[in-house]
Amino acid sequence: MCNSLYVKANGDLPCWDDVEESHILKRITLAPPIFHSPELGHIRTSFMAGQIPFPGLCERCAVLGHGALPTSLNPSVIQVLHLEASYLCGLSCPQCIPAKLRCTLGSPPYNMSITMLRSIMEQLNSEGVASIQTIHFEGRGDPLSNYNLGALIQLSKQYFPAAVTMVTTHGCYPYKPWITNCDLDILRVSIDGALPKSYERYRVGGDLEMAFSFLRALRDERRDSHSAMNVIWKYLLFEWNDSDHEMQLAASVARELDCRLKFVLTHSPGRSTRFPDYSALKQHLQKMEVTATIEETYPLKIGAGGTEIEGTSAEYVESLLMAAYEQIRSSNLHGGVAYLCRALSHDPGLTRPNDYGEATIHMYLKEVLSAARFPLTLSWLAAIAHEWGDNETCAILLRRYLELAPDAPDRDHVLHDLSEQLSQISKPQS
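In short, a report on the structure. Since we're looking at a predicted model, the values are computed, not measured.

**Considerations on the sheet that holds strand E5 (residues 131-137)**
Item 1. As summarised here, the arrangement of the 8 strands in space is E1-E4-E5-E6-E7-E8-E9-E10, forming an open sheet in which the pairing is parallel. Both outer strands of the open sheet, strand E1 (5-7) and strand E10 (293-296), are each paired with one neighbouring strand and no more. Taking each pair of neighbouring strands and ignoring which way they run, the sheet shows an average axis angle of 25 degrees.
Item 2. Two strands pair when backbone bridges link them, and strand E9 (residues 260-265) and E10 are joined in this way by 4 bridges, in the parallel orientation. By the bridge assignment for E10, phenylalanine 263 is matched with isoleucine 294.

**Quick word on the environment of serine 227**
Item 1. Along the chain, serine 227 falls in the loop between helix H6 (208-225) and strand E8 (230-237).
Item 2. Remark: the alpha-carbon pair of serine 227 and aspartate 277, spanning 50 residues in sequence, is separated by 35 Å.
Item 3. In this structure serine 227 touches Arg222 and Tyr339, once residues within four positions along its chain are discounted.
Item 4. At a separation of 3.1 Å, a polar atom in the side chain of serine 227 contacts the main-chain amide nitrogen of methionine 229.

**A look at the packing of H6 against helix H7 (residues 244-257)**
Item 1. One way to put it is that H6 packs onto H7 with a least axis distance of 9 Å and a crossing angle of 40 degrees. Contact residues: H6 offers Phe212, Leu215, Arg216, Arg219, Arg222 and Arg223, while H7 offers Val253, Glu256 and Leu257.

**Brief notes about the packing of aromatic side chains**
Item 1. Counted under the stated rule, the structure contains 9 aromatic pairs.
Item 2. Considering the side-chain rings of tyrosine 87 and tyrosine 110, the 6.1 Å spacing of their centres and the 25 degrees angle between planes classify their relative orientation as stacked. Of this pair, tyrosine 87 sits in the loop between strand E4 (77-83) and helix H2 (102-105) while tyrosine 110 is found in the loop between H2 and helix H3 (114-126), placing the two residues 23 residues apart along the sequence. Accessibility classification places tyrosine 87 together with tyrosine 110 in one group, the buried group.
Item 3. Consider the rings of tyrosine 175 and phenylalanine 214, whose centres lie 5.9 Å apart with planes at 65 degrees: the pair is edge-to-face. Within this pair, whereas tyrosine 175 is found in the loop between strand E6 (164-169) and strand E7 (186-190), its partner phenylalanine 214 is found in helix H6, the two being separated by 39 residues in sequence.
Item 4. A residue is classified by how much of its surface remains accessible, and phenylalanine 214, at 1% relative accessible area, is buried.

**Details of the pattern of salt bridges**
Where side chains of opposite charge bring their charged atoms close, a pairing between them can arise.
Item 1. This structure, assessed with the given rule, holds 14 salt bridges.
Item 2. Among the ionic pairs, glutamate 256 bridges to arginine 219, the shortest N-O distance being 2.7 Å. Of the two residues, glutamate 256 sits in helix H7 while arginine 219 sits in helix H6, which places them 37 residues apart along the sequence.
Item 3. According to the relative accessible area criterion, arginine 219 is buried, its value standing at 10%.
Item 4. Through salt bridges with shared partners, one network takes in Glu209, Arg216, Arg219, Asp220 and Glu256.

**Some remarks on unusual backbone geometry**
Item 1. A cis geometry characterises the amide bond from proline 108 onward to proline 109, with omega recorded as 0 degrees.
Item 2. Turning to its location among the elements, proline 109 is positioned in the loop between H2 and H3.
Item 3. Aspartate 347 connects to proline 348 through a cis peptide bond whose omega is 20 degrees.
Item 4. Relative to the elements of secondary structure, proline 348 occurs in the loop between helix H10 (333-346) and helix H11 (360-363).
Item 5. A positive phi angle is found at glutamate 289, which is not glycine, with a value near 60 degrees.
Item 6. Its place among the elements puts glutamate 289 in the loop between helix H8 (278-288) and E10.
Item 7. Its relative accessible area of 71% is what places glutamate 289 among the exposed residues.

Parameters at a glance
- Residues numbered from 1 in each chain as written.
- Predicted model: local features only at pLDDT ≥ 70, side-chain atom pairs only at ≥ 80, totals over all residues.
- Heavy atoms only, no water.
- Pairing = 2+ DSSP bridges.
- Helix = DSSP H or I, 4+ residues; strand = E, 2+ residues; numbered from the N terminus.
- Axes fitted to C-alpha atoms, helices over the stretch in contact; angles between N-to-C directions.
- Contact = heavy atoms within 4.5 Å.
- Polar contact = N/O pair within 3.5 Å; in protein donor to acceptor, adjacent residues only side chain to side chain.
- Phe/Tyr/Trp six-rings, centres within 6.5 Å; stacked < 30°, edge-to-face > 60°.
- Buried < 20%, exposed > 50% of the residue type's maximum accessible area, 1.4 Å probe, protein only.
- Salt bridge = Lys/Arg side-chain N within 4 Å of Asp/Glu carboxyl O.

Spelled out as structure tokens, the structure:
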């Protein structure tokens, strides 16, 4: 709450805690300001003074200590604008609200309106918010329950075009064709299991085949439209879905669906006991030769500032560079460089990078080497440089990659590639 903002579908602004959103700071429709409101000012002032803002509540907060402390009472950058597009959901997951009780527990409206979001964006502009890093449509309901979600995403991009837009959904819907052309950058689909019996144990009321069908249609549409959208399969690990067989099956299905598999260690009842921590799961995945990333729910994490935001940004940049690489390999230089420039605007953060064709990486090499935050930015840029036959630039980028990621799991492979590039450079020119 120091550097981010959470707005519910009905306009409530709750404290971003894990105590069932029990503390509502204000309703944003009643009176401005929003991000620079006295209520958020109290939170920032308290933390800057080394105090907690709400004694008796903050001690029970799962996210306390996860995020950078404020340096300003009126910051101009929002790390995450967390928008609850809808309070409604057709599933009844054990750790959430039963579908039949939603309309009795929450106050309407249950879907965020376009008018409300426009008002929020106008107000943030008037308060001097210069940029938003991530706009995440997620909340107590499922965002795809709101028929206007596509328009909400497009509207948010109109006001803050550099923001990474993200949606988290259970995916149990017929496929919605607008998803690939609404300016959505990351779609995260929560599917906790690769077999119907284990999936339905937590996603009560869900339909595994419908979720897979949704992703299958999305895959086909992304391929036809050459979309750079990053699609993530979020898989909570429980004691009933953590067998080697099911995890390997999930990895196989993820490859077929052209999405990235992310296993999540949870603190919820029924959590997997096979993997006590991040390190144990990482080692086991390497042993099984399963390609997947790993996440932890907040109560399992050691407090850190902005690590989840950085991870989201890194995944988005990687998806853009993957799209650039594929376009360039398909002889679409203009389309590939367009994706490349979009990626460079996020990491290392170039302002309106120019299209220099096959010289683009070389022209910005100094900035990339000095300011790139994510190791995978370096490795994908190296792959693109190699595709263009620029062995020297490729070698320089691979060296920098190994400096940023000295313990990279593909270190041996990268060292081999680097040796190949250096041998090509040293060959006498005919």
